[in-house]
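# Chain and residue survey
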Amino acid sequence: MKGYRYLDHKGTFQLRNPEQISYLYFPIANESGVKASVTPTLGGDNKMGQNTFLLAPVSSEDLHNNKSSRNFWCHIEGKGIWSATGKSSEQEAKLFTEDKEDTVLEAGFMWQKVTRTSKYYGVRSEITSFVPYSGESLELMVVTIKNQGSEEVSIIPTAAIPLYGRSADNIRDHRHVTSLLHRIETLEKGVLLNPTLTFDERGHKINTIVYGVFGACQEGGLPVGYYPCVADFIGEGGSFENPRAIRDRTIKPIKPGEKLDGYEAMGGIQFEQVKLAPYQERTYIIAFGYGSSKEEIQNSADKFLKADAWKISLEATKEYWKEKINVTYQTASKDFDTWMSWVNFQPILRRIYGCSFLPHHDYGRGGRGWRDLWQDCLALLIMNPTGVRDMLISNYGGVRMDGTNATIIGTEQGEFIADRNNITRVWMDHGVWPFLTTRLYIMQSGDLDILLKKNYYFKDPQACRGEEKDEEWKPEEGNHLRTSTGEEYQGSILEHILIQHLCAFYDVGEHNHIRLRGADWNDALDMAKERGESVAFTSLYASNMEQLAELILELKNKGIGKLSICRELTLLLEDGVELYEDVRKKQDLLRGYCESCKHSISGEVVEISCDCLAENLMNKAAWIRDHIRNTEWITNKEGHSWYNGYYDNHGRAVEGDSETGVRMMLTSQVFTIMSETATKEQVEKIVAAADAYLYEEALGGYRLNTNFHEVKVDLGRMFGFAYGTKENGAVFSHMVVMYANALYQRGFVAEGYKAIRNLYRHCNNFELCKIYPGIPEYIGPEGRGYYHYLTGSASWLMLTALTEMFGVKGLLGDLLLEPKLMLEQFDQEKQAGLSLVFADRKLMVQYINTESLEYGSYQVGKVTLDGVPYPLEEENLIKREDILALDPDKEHRIMVELIKF
């Protein structure tokens, strides 16, 4: 088995015999709602949402279990039937024999092409699949059949697209009954499915979506007949991989103008018989998708069934998605540079698909979670910062007055929905991500004023951090917090951030760390609601408070001496070590605050000086840091030291030596390092312990935890998973990347680079990882990558490569150059660089390492901007005003000479 190879530096790759690898799938979608997955044999599905599936929904196991797939059949006179996608029973039987057909897959951003050659039948197919970027609710499948032999062949071509046309719920909930709702019609160019009603969790409603499959021959000619019903197409005893209608020529297709009610629908489109001379070919364009009416879907399809319209659309679609990737890299490893273009593309996919709707992501009902809103903004800030400011402000509208947040996120920007099922769950880490993202925005843009912008607070029945209900609240009051006089209250973004962090500061367990509650970043730590504590994220809250204090002082430097906050918030600004060390007093104070804003607030505001507020936050951050250092640093019997990051539901420390072996968790180390809770000497010891207990080179790097050898039901469901899978000890990409990021931040560059380099090498090794280019959620125990494409690790890897590895980052709007590149990353010309957009200007930053210096031996020397020497002042900064003075239509070159210290 050989892996893929890149065909260019824009992400296009090629893979031979892809169907011999299980679980491969590829995303094709657009920004108008079409979300599809396609396999090398054109399996997968297509949908616009949980209740609108064109093709039957599939999970990862369905990729090999399911016979229902996109197909294109050729009845070849004198030889039999042949599937251009390889999905016939005969072709499947030969998959691992000498008679296997030769297949080649090529793919790029949002398009796939599979070429299949059959020596026996003497034909070759080339099938291109894509979703037009231009907004039509369609998928295009373009099939070219070519005679590869020396004699003429006679072929009857038939497209076969099984139409599902309903909610994913109906796969096992009234599957047959919902087929009785189907109204099927054959038209001049295709098959239309218009169900009468929808049956799903919304109830029984009039259907408003029509589905259809349409086709035409590029060289001229419309379909000659249709198979609109699954039962008639496969025939008695037949199947999608051995359909009797294709094999038995006496089963004739029906003509346009026919109607059929109450059956599983089929987009079977037969074209006229064609005789192909040697090396002659025919191309068939198949368009399938959605519309609000029969006329709309026909008009959409017609656009692409004419002449070369599909080719023009394909090239435009390719260019559209390529242009979205405006961060590129230049290192000694060209494969790494190209692989990173796929990593850069993954956050775009997650904004389209959410956390559902690809075969491994077979959970949820679409959309994104709270954490996703903010982490996906990280990538937007780097690639497409336009509009991010408004997005950030809108997102704060999901924060409650008790520091928790809405968990059901609507489709519109800033839309948050009350949980009508009254399922109360609080993730203790949710307060940290908004500030991390907002701070990055401020550093990139210099826009401190965003902190003073206002938004509402989210209101629903949940109160007192999920422990109580507001019985007074009524849905008709809406989802905005009101004052005691009934007015909707708006507070500054800074106030929202303060509430998130100060509420968390007081929400402590018996060891005086923030309570774990429903879980933290690791959703599978979900069984320690009563007594669990997350030391790991407590440390991150501390560093956030410290950095927030620094921003507040920057506001002061701009002439803003005082800030307005709601009167109730002053309860949380109590200060003093005696209070901080008394768990009961902290809990009581928080309870009093939550009661004061349980249903409404006074609406009164008070002023506080920037100095006082910053000092208050600094004191709280310092106390947390000292408390963790004094209570959670552990040394085991083998002499290794690290931080304990959790307490379980029995109030016991989770990490350290145990009867079943060493227990260590990577998350605990990431955030104590990142937050600077760990001293430099402690970081060195943590790295040694992580290398001893968590590092697994054969799997690409660092496991999320050691094997606890226990189904630990007093901490989380993760311990029920097989060790080495998912959150239980897999190499979990997100935390590995954050570990690297933390190490880079602290100056442990070789160690951070090791984590990223080894993860990349594993992911890019197709024989081991068995996924297309990109980063998966985790690496399983056998080395395979799982849950590809829709992982937050991509955003963090982008951020880490740009701001830490290449050291190109904002500092209150200025551009800071702080490279942390290893010598091996410089190419033969002793250069490394990247292209990016900063301050709406296209920049190319090139580091020149003439003396071949290793990291730690070089510093920034001479800098030129478009060939003109640039006078660096403090901190290797290029001033924002100088960047804004550049031509916005051109790319500008910043050359940075690295010299010895």
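Look a little higher up for the structure.
An account of the accompanying structure is given in this report. Remember, predicted model here, so these are calculated numbers, not experimental data.

The next point concerns the packing of aromatic side chains. A full pass over the atoms with the stated rule returns 49 aromatic pairs. Ring centres of Y120 and Y121 lie 4.8 Å apart, and the angle between their planes is 85°; this geometry places the pair in the edge-to-face category. Lying across the ring of F505, K586 places its NZ or CZ 4.4 Å from the centre.

Two pairing modes exist for strands in a sheet, parallel and antiparallel, and in both the strands are linked by backbone hydrogen bonds. The strand order β44-β45-β50 describes an open sheet built from three strands, whose pairing is antiparallel. One side of each edge strand has no neighbouring strand; the edge strands of this open sheet are β44 (808-811) and β50 (877-878). Here two bridges tie strand β45 (residues 814-817) to β50, and the two strands are oriented antiparallel to one another. Across the sheet, residue L816 finds its bridge partner in β50, namely L877.

Turning next to the nonpolar core. Of all hydrophobic cores here, the largest spans 262 residues; its most connected members are F72 and W339. Take this core: its biggest share by element is 12 residues, from helix α13 (residues 535-557). Counting 18 residues, the second largest nonpolar core, distinct from the first, contains V142, V210, F214 and W310.

Structurally, the position occupied by E875 is in the loop between β49 (868-869) and β50. Taking the C-alpha atoms as reference points, E875 and W82, separated by 793 residues in sequence, lie 67 Å from one another. Each residue touching E875, except ones within four places of it in the same chain, is listed here: L811 and L816.

Mapped onto the fold, W310 is located in helix α7 (residues 309-324). Taking the relative accessible area as the measure of exposure, W310 reaches 9% and is therefore buried. Counting along the chain gives 220 residues from W310 to E530, while the straight-line C-alpha distance between them is 59 Å. When residues no more than four places from it in sequence are discounted, the contact partners of W310 are F130, L140, V142, Q218, T283, I285 and F304.

Looking now at the packing of helix α12 (residues 493-506) against α13. Relative orientation of the contacting elements α12 and α13 amounts to 145°, with a least axis distance of 11 Å. The handedness of the crossing between α12 and α13 is left-handed. Side by side, α12 and α13 meet where L494, I497, L498, Q500, H501, A504 and F505 of the first sit next to Y541, N544, M545, L548 and I552 of the second.

Moving on to the pairing of β45. Side-chain positions along a regular strand alternate between the two faces of the sheet. A two-sided burial pattern is seen for β45, the buried positions comprising D814 and L816 on one face and L815 and L817 on the other. Of the pairings in the sheet, the one linking β44 to β45 comprises four bridges and is antiparallel in character. Opposite L811, over in β45, you have D814 as the bridge partner. Connecting β44 to the antiparallel partner β45 that follows it, the hairpin turn spans two residues, and L812 within it adopts a positive phi of roughly 50°.

A separate point is the pairing of strand β42 (residues 776-779). Direction of pairing for strand β41 (residues 731-732) relative to β42: antiparallel, over a ladder of two bridges. Considered in β42, the bridge of F732 is made with Y778. In this antiparallel pair of consecutive strands, β42 and strand β43 (residues 785-788), the connection spans five residues, and G783 shows a positive phi of 100°.

Sheet architecture is open: four strands sit in the order β3-β4-β5-β6, paired in antiparallel fashion. Whereas interior strands pair on both sides, the edge strands pair on one side only; in this sheet they are β3 (26-29) and β6 (52-55). Each neighbouring strand pair of the sheet contributes to a mean axis angle of 20°, computed without reference to strand direction. Alignment of strand β4 (residues 35-38) against strand β5 (residues 46-49), held across two bridges, turns out to be antiparallel.

Moving on to the state of the cysteines. Scanning all chains against the criterion turns up zero disulfides. Of all cysteine sulfurs in the structure, the one in C612 sits closest to C610, which takes part in no disulfide; the separation is 9.6 Å. Taking relative accessible area as the criterion, C610 reaches 0% and is therefore assigned buried. In this structure C769 is not part of a disulfide, and its nearest cysteine sulfur, from C763, lies 4.5 Å away.

Of note, Q50 is situated in the loop between β5 and β6. Classification of Q50 as buried rests on a relative accessible area of 13%. Here D169 takes part through its side chain, which lies 3.1 Å from a polar atom of the side chain of Q50. Beyond its immediate chain neighbours, meaning those up to four positions away, Q50 contacts S167, A168, D169, F357, G364 and R365.

With that settled, the discussion passes to the packing of helix α17 (residues 666-674) against helix α19 (residues 733-745). Where α17 meets α19, the closest approach of the two axes is 8 Å, and the angle between their N-to-C directions is 30°. The angle between the axes of α17 and α19 places the two elements in the roughly parallel class. At the point where α17 passes α19, the crossing takes the left-handed sense. Here α17 contributes L666, T667, V670, F671, I673 and M674 to the contact with α19, which in turn contributes M735, V736, M738, Y739, N741, A742, L743 and Q745.

For the rest of this paragraph, the subject is unusual backbone geometry. Unusually for a residue other than glycine, K770 sits at a positive phi of about 60°. Take K770: it is sitting in the loop between α21 (766-769) and β42. For K770, a relative accessible area of 21% corresponds to the partly exposed category. Here the phi dihedral of D840 falls at roughly 60°; this positive angle occurs in a residue that is not glycine. Mapped onto the secondary structure, D840 falls in the loop between β46 (831-838) and β47 (841-848).

Taken as a whole and assessed by the stated rule, the structure comprises 57 salt bridges. Across the pair E578 and K585 runs a salt bridge, and its minimum N-O distance is 3.5 Å. Relative accessible area serves as the criterion here: at 40%, K585 is assigned to the partly exposed category. The partner of E696 in a salt bridge is R703, and the shortest N-O contact between them spans 3.5 Å. When salt bridges that share partners are traced, they join R465, E467, D507, R515 and R517 into one network.

On to helix α6 (residues 294-302). Among the residues of α6, those classed as buried are I297, S300 and A301. Looking straight down α6, one finds its buried side chains confined to an arc of 95°; they lie on one side. Close packing links the buried residues of α6 with β12 (138-147), β15 (190-193), β18 (210-217) and β23 (281-291).

Thresholds, definitions, all that
Residues numbered from 1 in each chain as written. Predicted model: local features only at pLDDT ≥ 70, side-chain atom pairs only at ≥ 80, totals over all residues. Heavy atoms only, no water. Phe/Tyr/Trp six-rings, centres within 6.5 Å; stacked < 30°, edge-to-face > 60°. Lys NZ or Arg CZ within 6 Å of the ring centre and 35° of its normal. Pairing = 2+ DSSP bridges. Helix = DSSP H or I, 4+ residues; strand = E, 2+ residues; numbered from the N terminus. Core = buried A, V, L, I, M, F, W, Y, C linked by side-chain atoms within 4.5 Å. Buried < 20%, exposed > 50% of the residue type's maximum accessible area, 1.4 Å probe, protein only. Contact = heavy atoms within 4.5 Å. Axes fitted to C-alpha atoms, helices over the stretch in contact; angles between N-to-C directions. Left-handed = near helix turned anticlockwise from the far one by under 90°. Disulfide = S-S within 2.5 Å. Polar contact = N/O pair within 3.5 Å; in protein donor to acceptor, adjacent residues only side chain to side chain. Parallel < 35°, antiparallel > 145°, perpendicular 65-115°, else oblique. Salt bridge = Lys/Arg side-chain N within 4 Å of Asp/Glu carboxyl O. Arc of directions from axis to C-beta.

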